[in-house]
Every structure is written in structure tokens, then in C-alpha cells.
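Each chain, written out:
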Amino acid sequence: MPSSYLPRPEHKFTFGLWTVGNTGADPFGKAVRSALTPVELVHLLAEAGAWGVNFHDNDLVPIDATAAERDKIVADFKQALDATGLVVPMATTNLFSDPAFRDGAFTSNDPKVRAYALHKTLRAIDLGVELGAKVYVFWGGREGTETDAGKSALESGQRFREALNFLCEYAIDQKYDLKFALEAKPNEPRGDIYLPTTGAMLGFIATLDHSEMVGVNPEMAHEHMAGLNFMHAVAQAWGAGKLFHIDLNDQNYARYDQDLRFGSQNVKAAFFLVKFLEDVGYAGSRHFDAHAYRTDNLDGVKAFAKGCMRTYLILKEKAEQFKADAEIQALLAEINADDGSMNQFFGLYSTGKAAVLKAHEFDRLALGKRGQPYEKLDQLTIDLLLGAR
Ligand code: DIG
Ligand code: MN
Ligand code: MN
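Every value quoted in this text rests on a predicted model; they were computed, and no experiment measured them. (Residues numbered from 1 in each chain as written. Chains lettered and ligands numbered in written order. Predicted model: local features only at pLDDT ≥ 70, side-chain atom pairs only at ≥ 80, totals over all residues. Heavy atoms only, no water.)

### Describing the pattern of salt bridges
Scanning the entire structure with this criterion turns up 21 salt bridges. The closest approach of N and O atoms between E146 and R190, which form a salt bridge, is 2.8 Å. In this pair, E146 sits in the loop between β5 (144-145) and α6 (153-173) while R190 sits in the loop between β6 (179-183) and β7 (192-193), placing the two residues 44 residues apart along the sequence. Salt-bridge contacts for E278 lead to R286; the nearest nitrogen and oxygen are separated by 3.0 Å. By relative accessible area, R286 is classed as buried at 6%. In the salt-bridge network here, residues are joined through shared partners; they are R70, D71, K78 and E130. (Salt bridge = Lys/Arg side-chain N within 4 Å of Asp/Glu carboxyl O. Helix = DSSP H or I, 4+ residues; strand = E, 2+ residues; numbered from the N terminus. Buried < 20%, exposed > 50% of the residue type's maximum accessible area, 1.4 Å probe, protein only.)

In C-alpha cells, the structure reads:
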């Protein structure tokens, strides 16, 4: 088996503590795997070949830990990072597990909860920065409703905006080298989560006081849950200079958030996503926000982690083959043929350009007769993905 499928630090593969630390509990059954410590998880990820490890504050430091316990946990974690060479590119706050957040955190109707959410996030940002994080993710898992009778969507948006403005000011005030990445999800655990898609987040970011330091963390499963094309969402974020982080996994449409192993469900979607990231030279983390099946034990968790990275590298190689394939590239040249005659009409507006364009004669019937060889091109892509080429 070619060693090119073995992960290396330059691939920047990362996992959250909560991913390989997932014990298999779900709404219909309790844990099936023993909980591993953060130190054990760091060593497991290092053995699998990961480059980095991410965490929610309480993945590392239990919410009820004393100051002394916190210091010991952080010291042990730092020692494991030093021993393995793993880095911490991203950190985030758990604003969804504790009952205090059952009606949201920054958008809760209870001002004490909103203030507590800020308090918790300030301290979690300090912890993330202390461990080296340069990206801070906000996933508003509880920021939503089951009934819109009791919560104003407009006021909730304003509350979320004020919280993020405050936290941006904090990072600036502390002189932290930190960017914020907002993660969208359409629902679960709330019936409807505010700002449900990456596109919605991009629109929201434009309304923030420090929008320059805020981007997005698109997650494959979450856009798929909304029935959307994940690569298109990522391309929009990239085009806006806002792809600050990415959560890779997989998802079967019209299901709960399955957080499946990357590439295990939609190989073609995963291919076009990997191709996009590699084509544009995305230099950020390839973060796998996923977990092993509940059916599996620890060996399965390790296979899950290795499988995420292996599939990414196989698809990366397929993307390179796509670019080098003469027949595919010839079709792309045919599809994108351009004699330059229309260039006079594109680009910046001018009164003269509009006048000439309005007066120009187009052969509409001829335009309608031109087909595109997408069937042939897509079959070549399928051949490539199935190893028949
Ligand atoms: C869920 O997809 C969320 C949480 O796991 C975490 O807050 C974020 C970071 O990847 N993704
Ligand atoms: Mn998810
Ligand atoms: Mn995620």
C-alpha cells in the first residue's frame, strides 16, 4: 500500500478531544466505551498520525474542577503535547451541555445565563490561547427555539451580535493573536438553531463591529443536513476570505447529525471538497469533527481516526490525477472555450460599455443549441474515483 496515504504533520490533520473521546452514548443508549483522559487521547492521536488536537473548555477541564485540579490537568496536557509534538490549533467553549444553557447561551432569555455564557467564554478563550490556539470556534448548539412564541429572533440575533462584539473586543484588549470562526448547524439539539447555514453566518458576520477577525467553520454534516452542497458553501466562504477553519465528516441526507467518518457516505462530495481545498491551497487545519460508530470499541476508534485521514489523502491523490488526466483536461478546455470576443462586455461598468452591449446582436438560437459534455466528464470522474482509470 503506497505510504503516500500515511498522514504527516504537513497535512495538518486535527481532531477534537470529543471526537476520539466519544464514548458512544446517544439519546437512546448509554456509553459503550470507557472514557479516556485528555493525555491518553493525545497519545492515541499522535499514534494515529494527527498533527493537532482541539478541545472545548470542559473536554479538558471539568466544569466543576477546582483551580488546583485545573492547573494539574493543564500541566499534564501540556506535557503530553510536548512529548508527542501535537499542537492545539483551535479551541472552543462548551455552551451546550450544562443545563444552564438549555434555552441558549448568548441568546438565552435569562440575562444571568447570557452573562454566565460570556464569563465562561472569556475564561475558555484564555485557556485556548494558553495552549496555543489561533482559531476560536463558536458553535451555538443551543441558540435556537422549539417554539418561537417565547423568543424574539430579532432580539436573539442582536444578543448574539453583542456577545461576539464584546468577545472580539476582549481578544483585542488582551492582544491575543486569535481569529473567531462561527459554525452553523440547522437544527439539533434545538428544534431550529439560529443562523442555520454557513451562508447565514457570512451575512451575520458583516453586521459585527470587528468582522475582519470573524470567519466561518463550515461543517460538512451540517450543510448536508440542510440539503446543501458543502463545497459550494466552502467556496463562498473562501471567496469572501472567511474560511478560517473547517469541520470534516460525513452525513446521510435527512438524518440527525451523524458525524460519520470523513468520506464514508458521500465519496463524490468528499472528493470535490478535497479537490477544492487542494486547488485553492487552503492552508488551515483539516479538522475531523466526527466519531466512531457506537458499535465499535477502542480499536474501532483508532480505525476511525486513521480512516478519516487515509480517505482525505486518497482523495487528494485522486484530485491530482484529475488535474493530470489529459482526457479530463481536454474536456474542461472544450467546456471553458473562450474566443475573448465577449471580454469587451465584462469587468467594470461604463456608460459606453452598457450602450454597446445593449446594441449588440446575439444569436439566441445558436446559444441554445450549444450543449456541454458533462455526462462524459462526470463519467470520467466516476471512473477515476472507482479506480477504473
Ligand atoms: C459540533 O459540530 C461542534 C462542536 O463539536 C464544537 O463546538 C464545534 C467545533 O468543531 N463543532
Ligand atoms: Mn456535527
Ligand atoms: Mn463541528
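### Let's talk about the packing of aromatic side chains
All told, the structure shown has 19 aromatic pairs when counted by the stated rule. Geometrically, the ring pair formed by F13 and Y312 is edge-to-face, given 5.4 Å between the ring centres and 75° between the ring planes. Of this pair, F13 sits in strand β1 (residues 13-16) while Y312 is found in helix α11 (residues 298-324), placing the two residues 299 residues apart along the sequence. Cluster of aromatic residues (ring-pair linked, three or more members): F13, F15, F262, F288, F304 and Y312. Of note, K179 hangs over the ring of F244, and the distance from its end group to the ring centre comes to 4.2 Å. (Phe/Tyr/Trp six-rings, centres within 6.5 Å; stacked < 30°, edge-to-face > 60°. Lys NZ or Arg CZ within 6 Å of the ring centre and 35° of its normal.)

### Section: the coordination of the manganese ion (ligand 3)
Taken together, E183 (OE), E219 (OE), D247 (OD) and D289 (OD) make up the full set of protein donors to the manganese ion (ligand 3), lying 2.0 to 2.2 Å away. Considering all six donor atoms around the manganese ion (ligand 3), the spread of angles at the metal, 74 to 177°, places the coordination shape in the irregular class. Donor residues for the manganese ion (ligand 3) sit on one chain with the sequence pattern E-x35-E-x27-D-x41-D. In this structure E183 comes out as buried when scored by relative accessible area, which is 5%. Residue classification places D247 among the buried residues on the basis of a relative accessible area of 1%. (Donors = N, O, S within 2.8 Å, 3.2 Å for Na, K, Ca; no water. Tetrahedral: all angles 85-135°; square planar, octahedral: opposite > 155°, others 65-115°.)

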